[in-house]
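Given next are the chains, with one letter for each unit.
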Amino acid sequence: MNKKMLDALNGQINEELNSMYIYMAMAADLDEMGWGGMAHWMRKQAQEELAHALKIQGYVKDRQGRVVFKAIGEPQLTWNTPLELFKGALAHEQHITGTVHKLVKLARELDDIATEVFLNYFVSEQVEEEDAAHEIVDALEKVGNSAGPLYQVDSWLRKRE
Ligand SMILES: [Fe+2]
Ligand SMILES: [Fe+2]
């Protein structure tokens, strides 16, 4: 694999692990706020990010590339409300979509068809991830600060498998 492509994929492994770390911090803060269902959803999200990192690691290996792990930064630890927190998650997913699209453009530039096809999964995945985050932000915006409806959102998110 081209060195530029390999470096970029290693960079994406770091982005995915960083996402995992951010979502673990968000889950911990949701637990702290007393929203166990939302925390459960966010912990599932963190697990998905680990799966993304592993998927890229597997691809790099299949292409005879060397996986390089870089440092992960300290995540934000507290948020004022679930709405603010989920808005942060949405913004982060939008950032990740940007990084995925950059990888696709690089694969095209380098005429690396196999990597471009591999990345298709992540392009579609980001559409779903942003949609899921939008749906929760919308719900939280509607319910505002009323405890009853917030509990409903919490039990809805607790159902995530
Ligand atoms: Fe991801
Ligand atoms: Fe994600």
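Remember, predicted model here, so these are calculated numbers, not experimental data.

1. Focus on the packing of aromatic side chains
At step 1: This structure, assessed with the given rule, holds five aromatic pairs.
At step 2: With a centroid separation of 4.1 Å and an interplanar angle of 10 degrees, the aromatic rings of Tyr59 and Phe118 are classed as stacked. Of the two residues, Tyr59 is situated in helix α2 (residues 36-62) and Phe118 in helix α4 (residues 113-143); the sequence distance between them amounts to 59 residues.
At step 3: Among the residues examined, Tyr59 registers a relative accessible area of 10% and is labelled buried.
At step 4: Given the relative accessible area of 14%, Phe118 is considered buried.
At step 5: Above the face of the Tyr121 ring, Lys55 is positioned so that its terminal group lies 4.3 Å from the ring centre.

2. Some details on the nonpolar core
At step 1: Within the largest apolar cluster, 46 residues are counted, with the highest numbers of intra-cluster contacts made by Leu9, Met26, Met38, Met42, Phe86 and Leu140.
At step 2: Looking at this core, the elements that each hand over two or more residues are α1 (3-33), α2, α3 (82-109), α4 and α5 (147-158).
At step 3: A total of twelve residues in this core trace back to one element, the largest contributor, which is α1.
At step 4: In contact with Met26, other than residues within four places in its own chain, are Met42, Trp79, Leu85, Gly88 and Ala89.

Procedures and definitions
Residues numbered from 1 in each chain as written. Chains lettered and ligands numbered in written order. Predicted model: local features only at pLDDT ≥ 70, side-chain atom pairs only at ≥ 80, totals over all residues. Heavy atoms only, no water. Phe/Tyr/Trp six-rings, centres within 6.5 Å; stacked < 30°, edge-to-face > 60°. Helix = DSSP H or I, 4+ residues; strand = E, 2+ residues; numbered from the N terminus. Buried < 20%, exposed > 50% of the residue type's maximum accessible area, 1.4 Å probe, protein only. Lys NZ or Arg CZ within 6 Å of the ring centre and 35° of its normal. Core = buried A, V, L, I, M, F, W, Y, C linked by side-chain atoms within 4.5 Å. Contact = heavy atoms within 4.5 Å.

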